[in-house]
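Breakdown of the fold
These are the residues of each chain, in order.
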Amino acid sequence: MGKIKKRITVRFFSIDAANSFFNDFVSINQANRINEKHVRVFNIRGKKYLIKIHDKLEHSKRDVFFLSIVRERNTWQARALSDGTISAIPLNQGILGDPYYYLVVPEGKIILGFTTGPIASVRSVANTILQQFKKDRTSKISLEPISKEQEYERLKDLNKLTEVRFSVNPSSLSESGDELPNIFKGLSSSPFMASSSKLELTISDFGDTSFTQENILDAVDYLSDSEYCTTLVVKGVDSEGEKQLLNLNRAYLRYSTIIHIRGNFVDEKIAKNIVLDALNSQNILK
């Protein structure tokens, strides 16, 4: 089999958590390595996750931690063989799912990573994984995309939205599963979506209960982190009564590269080099 080109997009997130979390993260990693407990499998909301902890690395005199994750994909229902046999997929040999690779920089309070599965799930899976490294179960952890511009901060200052315009590939909506904002869930099952290569929509009437400002902001947050969104423009009014126009689809840090591999699977050695290259490409550690 010849090699194929595959585009990889690494996303960057800041980690908002108590300072104690970062100390806990480092100590739990250290304890797992000393005890040779490099792999952990757990179940959340009926979906299995596998975490593989690698030896810590050093970058710019800081400790960084590379993690391999597999999240179960339970949409596969049957296996078909060339002889015509159709049967259930045997799950007793491990987890069938999508790989995710992350690099955590505790001192910088950031995490970056990528997947070859549904792209929109990179942040939610990262949050789920980080939850497993906290000792204080009452503390909260949240992730925010790291802005390369100030547009996203300006979005938070808008008191009123007047218009949202976006263009997105419909296939990215159907692949997103649980992470898809409510506003898109009805659209993703439409027959029109299945036959379209691009969805363009302008929302200016926010009176409908489906189009509340909160729902719209969730959708904007989702779209601004999707490489399949080519247009994302928000119009609104700020606290001073001034009209604002924000272009958000290029607001966040990303690192893209093209690799040559056989099939879709990116192994851990290649993945580690990709996330380290991504970290080197951005001047985000002071």
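An account of the accompanying structure is given in this report.

How each quantity is defined
- Residues numbered from 1 in each chain as written.
- Predicted model: local features only at pLDDT ≥ 70, side-chain atom pairs only at ≥ 80, totals over all residues.
- Heavy atoms only, no water.
- Pairing = 2+ DSSP bridges.
- Helix = DSSP H or I, 4+ residues; strand = E, 2+ residues; numbered from the N terminus.
- Buried < 20%, exposed > 50% of the residue type's maximum accessible area, 1.4 Å probe, protein only.
- Core = buried A, V, L, I, M, F, W, Y, C linked by side-chain atoms within 4.5 Å.
- Contact = heavy atoms within 4.5 Å.
- Salt bridge = Lys/Arg side-chain N within 4 Å of Asp/Glu carboxyl O.
- Expected span 1.5 Å × (residues − 1).
- Arc of directions from axis to C-beta.
- Axes fitted to C-alpha atoms, helices over the stretch in contact; angles between N-to-C directions.

Thoughts on the pairing of strand E1 (residues 4-16)
The pairing of E1 with strand E15 (residues 254-261) spans 8 bridges and is antiparallel. Bridge pairing in E15 places threonine 9 opposite serine 256. One ladder, built from 4 bridges, connects E1 with strand E10 (residues 142-145); its direction is antiparallel. Bridged to isoleucine 15 within E10 is leucine 143.

Some details on the environment of arginine 40
Residue placement: arginine 40 occurs in strand E2 (residues 39-44). Residue class for arginine 40 comes out partly exposed when judged on its relative accessible area of 40%. Once the C-alpha coordinates of arginine 40 and isoleucine 51 are considered, the two residues, 11 residues apart in sequence, prove to be 5.2 Å apart.

Brief notes about the nonpolar core
Core analysis: the biggest nonpolar cluster contains 26 residues, and Ile15, Phe21, Ile111, Ile129, Leu130 and Phe133 have the highest contact counts within it. Of all the elements in the fold, those that place two or more residues in this core are E1, helix H1 (19-34), strand E3 (47-53), strand E5 (62-72), strand E8 (97-105) and helix H2 (122-131). It is H2 that provides the largest number of residues to this core, a total of 5 residues. Filtering out sequence-adjacent residues up to four positions away, isoleucine 15 remains in contact with Phe21, Phe22, Val104, Lys109, Ile110, Ile111, Leu130, Ile141, Ser142 and Leu143.

Regarding unusual backbone geometry
Phi at lysine 61 takes a positive value of approximately 65 degrees, unusual for a residue other than glycine. The topology assignment puts lysine 61 in the loop between strand E4 (57-59) and E5. Here the phi dihedral of lysine 109 falls at roughly 55 degrees; this positive angle occurs in a residue that is not glycine. Here lysine 109 falls in the partly exposed class, since its relative accessible area comes to 33%.

A few points about the pattern of salt bridges
Scanning the model with the defined rule gives 6 salt bridges in all. Residue glutamate 268 is joined to lysine 52 by a salt bridge in which the shortest nitrogen-to-oxygen separation is 3.2 Å. With a gap of 216 residues between them, glutamate 268 in helix H8 (residues 268-281) and lysine 52 in strand E3 connect regions that are remote in the sequence. The exposure class of glutamate 268 is partly exposed, given its relative accessible area of 27%. On the basis of relative accessibility, which here comes to 29%, the residue lysine 52 falls in the partly exposed class. Where arginine 62 meets glutamate 107, a salt bridge forms, and the shortest distance between an N and an O atom there is 3.7 Å. Here arginine 62 is found in strand E5, whereas its partner glutamate 107 is found in the loop between E8 and strand E9 (110-115), with 45 residues between them in sequence. On the basis of relative accessible area, arginine 62 is assigned to the buried category, the value being 13%. When its relative accessible area of 57% is taken as the criterion, glutamate 107 is described as exposed. Overlapping salt bridges bring together Glu163, Arg165 and Lys235 as one network.

Looking at H1
With 16 residues, H1 should cover 22 Å at 1.5 Å per step; its first-to-last C-alpha distance of 24 Å lies within 8% of that length. Those residues of H1 that fall on the buried side of the exposure criterion are Phe21, Phe22, Asp24, Phe25, Ile28, Asn29, Asn32 and Arg33. Down the axis of H1, the buried side of the element spans an arc of 160 degrees, and every buried residue falls inside it. Opposite its buried face, H1 presents the exposed residues Asn19, Asn23 and Ile34, each directed more than 90 degrees away. Residues of H1 that are buried in the fold lie against E1, E3, E5, E8 and H2. Of the residues one or two after H1, glutamate 36 is the one with positive phi, at around 55 degrees.

Some details on the side chain of histidine 54
Secondary-structure assignment places histidine 54 in the loop between E3 and E4. The residues touching histidine 54, leaving out its near neighbours within four places in the chain, are Arg33, Phe66, Leu67, Ser68 and Glu268.

Some thoughts on the sheet that holds strand E11 (residues 158-168)
Here 4 strands make up an open sheet; going across it, the order is E12-E11-E13-E14 and the pairing antiparallel. Edge positions in the sheet fall to strand E12 (199-203) and strand E14 (243-247), since each of these pairs with one other strand and no more. When strand polarity is set aside, the average angle formed by the axes of neighbouring strands in this sheet is 15 degrees. Of the strand pairs in this sheet, strand E13 (residues 229-238) and E14 are connected by 5 bridges, and their pairing is antiparallel. Across the sheet, the residue bridging to glycine 236 is glutamine 244, located in E14.

All we've got here are geometric facts, nothing functional implied.
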